[in-house]
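This is what each chain is made of:
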Amino acid sequence: QQFTWLPGFLRGLGLMGNYTRLETEGDFGGTYRRTGEITGFTPRSANASLTYTYRGFTGRVTTSYTGRIITSYTANAASRIYRKPITTTNVNLTYRVHRHANVFCDLSNIFETGPSFYRYVPERVRELRTLPAAVTFGVNGQF
């Protein structure tokens, strides 16, 4: 949604968001499983983005959420491995320097979040990863 009804330079604000919730169940090779028992299945996810455009400048902050997933299923519930929910945030900045050229700077994973895995209960941490932030900048052109 663009907020074009706002006064002055604020009319360049925009907001986007979505949320997905999935449920499943069925026979998976002779074993009946439900949503939380299917490895790699992501039942919850969401995205939100705040944008701003003013003259040649465009900025965007995007946050993405992925809910808990099971990564290793076994019949013994105490041996199952899960990945905790993860939230990442990215910032994208662009400035039009010419009608055919933009300069940009993208900051990925600014809070350096990474996946965390646990066995059976969240307190039994199995593995914790930290993914570093990344900065990319450059020039885009159309000729």
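Rules and cut-offs
- Residues numbered from 1 in each chain as written.
- Predicted model: local features only at pLDDT ≥ 70, side-chain atom pairs only at ≥ 80, totals over all residues.
- Heavy atoms only, no water.
- Pairing = 2+ DSSP bridges.
- Helix = DSSP H or I, 4+ residues; strand = E, 2+ residues; numbered from the N terminus.
- Axes fitted to C-alpha atoms, helices over the stretch in contact; angles between N-to-C directions.
- Salt bridge = Lys/Arg side-chain N within 4 Å of Asp/Glu carboxyl O.
- Buried < 20%, exposed > 50% of the residue type's maximum accessible area, 1.4 Å probe, protein only.
- Patch = residues over 30% accessible without salt bridge, like charges linked within 9 Å, V, L, I, M, F, W, Y side chains within 5 Å.
- Areas by Shrake-Rupley, 256 points an atom, 1.4 Å probe, with all protein chains shown as cover.

Caption draft 1: Geometry of the sheet that holds strand β10 (residues 116-119). Strands sit in the order β6-β7-β10-β11 across an open sheet of four strands; the sheet is antiparallel. Each end of this open sheet is capped by a strand with a single partner; those strands are β6 (69-72) and β11 (125-128). Geometrically, the sheet is characterised by an average inter-axis angle of 30° between neighbouring strands, direction not taken into account.

Caption draft 2: Quick look at the pairing of strand β8 (residues 86-98). Relative to β8, strand β5 (residues 57-66) runs antiparallel, the two being bridged by ten bridges. Following the sheet pairing, Thr58 is matched in β8 by Thr94. Sheet topology places β8 next to strand β9 (residues 101-108); seven bridges connect them, and they run antiparallel. Along β9, the bridge assignment pairs Tyr95 with Val103. Adjacent in sequence and paired antiparallel, β8 and β9 are bridged by two residues.

Caption draft 3: Seen up close, the pattern of salt bridges. Enumeration according to the criterion identifies three salt bridges in this entry. One salt bridge connects Arg21 with Glu23, and the closest N-O pair in it is separated by 3.3 Å. Among the residues examined, Arg21 registers a relative accessible area of 54% and is labelled exposed. Three or more residues joined by partner-sharing salt bridges are found here, namely Arg21, Glu23 and Arg44.

Caption draft 4: Looking closely at a nonpolar patch on the surface. Side chains of Tyr95, Val97, Val103 and Val139 sit close together on the surface and give an oily, nonpolar patch of about 370 Å² of accessible area. Of note, Val139 is situated in strand β12 (residues 134-141).

No statement about biological role is implied by the geometric values presented.
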